[in-house]
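So the chains spell out like this:
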Amino acid sequence: MKNNLKVWRAKYSFTQQDLADKINVSRQTINALEKGKYIPSTVLALKLSAVFETTAHDIFELEDHDWN
Amino acid sequence: MNTNYLFPNYAKRIGWLLAVPSFILLCLVIMTDSPDFMEFTVFSIIPDDFLNQENPSYWVTNNLADEVLTLTTIIGGLLIAFSKEKKEDEYISEIRKSSVIWAVYVNYALYMLATITIYGFDFLWVLQFNVLTLLIVLIVRYEWYKYQLKKSLYEE
């Protein structure tokens with residue numbers, strides 16, 4: 001799964017720490033998400049979309065190999 | 001996050017203070033000799049020669065140094081491995097869980113290796129240490145992964 005979290009974060013001028021505080025996770029988690037190392041739970045994905053006032057689809061995108 | 005199977009964050013420090021000295025002392029006691037002041041008479045549910053004696057004595061004299069140190073090492077190790085992080089979130093839970101799976105595999109791999117290479121009475125040593133290898137591998141893998149995560153923060 002791909003995401004454009006970094007773009008959204010830049011749009012809102014949030015640091016990784018700002019975003020981490022808003023959704024109550026560690027900065028390491030935001031960093032791992034942005035690097036594509038960690039796929040968040042539905043709860044976390046929806047929290048992120050709530051912070052950026054958008055839908056989960058606008059932040060996350062399935063990749064071909066996700067269907068296998 | 002439902003994490004009520006974890007200890008509070010401050011318990012981790014207690015765990016380190018308990019486990020590290022206990023483990024070092026345990027190794028010393030096993031390699032050298034137990035101190036005399038740890039000699040006690042204790043109740044044993046399965047005393048020596050339990051089946052052959054008519055009136056087996058359930059009170060036996062034993063040096064409790066290794067027993068006490070094994071217990072404190074295990075309790076300390078559990079506190080280290082299963083205390084909440086300062087920021088306990090779903091990613092850290094994931095890392096802890098994967099470390100548990102990893103530790104089970106490594107633990108049994110070591111056990112199987114010992115089974116086919118160590119025989120007879122010496123195998124008791126294996127059993128003594130195998131009690132702790134699961135926790136040790138779990139803690140090492142988990143802490144190493146956390147360190148890598150922290151390091152990757154500064155690799156921007």
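Here the structure is a predicted model, which is why all the values come from computation and not from measurement. (Residues numbered from 1 in each chain as written. Chains lettered and ligands numbered in written order. Predicted model: local features only at pLDDT ≥ 70, side-chain atom pairs only at ≥ 80, totals over all residues. Heavy atoms only, no water.)

Colleague: With reference to specific residues and values, describe helix α1 (residues 10-31) of chain B.
Modeller: Taking 1.5 Å per residue, 22 residues should reach 32 Å; α1(B) reaches 33 Å between its end C-alpha atoms and fits that length. Among the structural elements, α2 (65-81) and α4 (123-153) of chain B are those in contact with the buried residues of α1(B). (Helix = DSSP H or I, 4+ residues; strand = E, 2+ residues; numbered from the N terminus. Expected span 1.5 Å × (residues − 1). Contact = heavy atoms within 4.5 Å.)

Colleague: I'd love a proper account of the nonpolar core, names of residues and values included.
Modeller: By size, the foremost hydrophobic cluster in this structure holds 23 residues, and its most contacted members are Leu5(A), Leu19(A), Ile23(A), Ile30(A), Leu48(A), Phe52(A) and Ile59(A). Counting only elements with at least two residues in this core, the list comes to α1 (5-11), α2 (16-23), α3 (27-34) and α4 (42-51) of chain A together with α3 (90-115) and α4 of chain B. The element that contributes the greatest number of residues to this core is α4(A), accounting for four residues. When sequence neighbours within four positions are dropped, the list of residues in contact with Leu19(A) reads Leu5(A), Arg9(A), Phe14(A), Ile30(A), Leu48(A), Val51(A) and Phe52(A). (Core = buried A, V, L, I, M, F, W, Y, C linked by side-chain atoms within 4.5 Å. Buried < 20%, exposed > 50% of the residue type's maximum accessible area, 1.4 Å probe, protein only.)

Colleague: Explain the domain arrangement of chain B to me, and be specific about the residues and the numbers.
Modeller: Residue and element names in this part refer to chain B. For chain B, the domain assignment lists domain 1 (1-85) and domain 2 (89-156). Carbon and sulfur atoms supply 75% of the area buried between domain 1 and domain 2, which totals about 1500 Å² over both sides. For the interface between domain 1 and domain 2, the tally reads two salt bridges. Between glutamate 85 and lysine 146 there is a salt bridge whose closest N-O contact spans 3.1 Å. On inspection of domain 1 and its partner domain 2, the count reaches five residue pairs in polar contact (both at pLDDT 80 or more). Mapped onto the side of domain 1 that touches domain 2, the elements with two or more residues apiece are α1 and α2. (Domains from an automatic or database assignment. Buried area = accessible area lost by both parts, 1.4 Å probe. Salt bridge = Lys/Arg side-chain N within 4 Å of Asp/Glu carboxyl O. Polar contact = N/O pair within 3.5 Å; in protein donor to acceptor, adjacent residues only side chain to side chain.)

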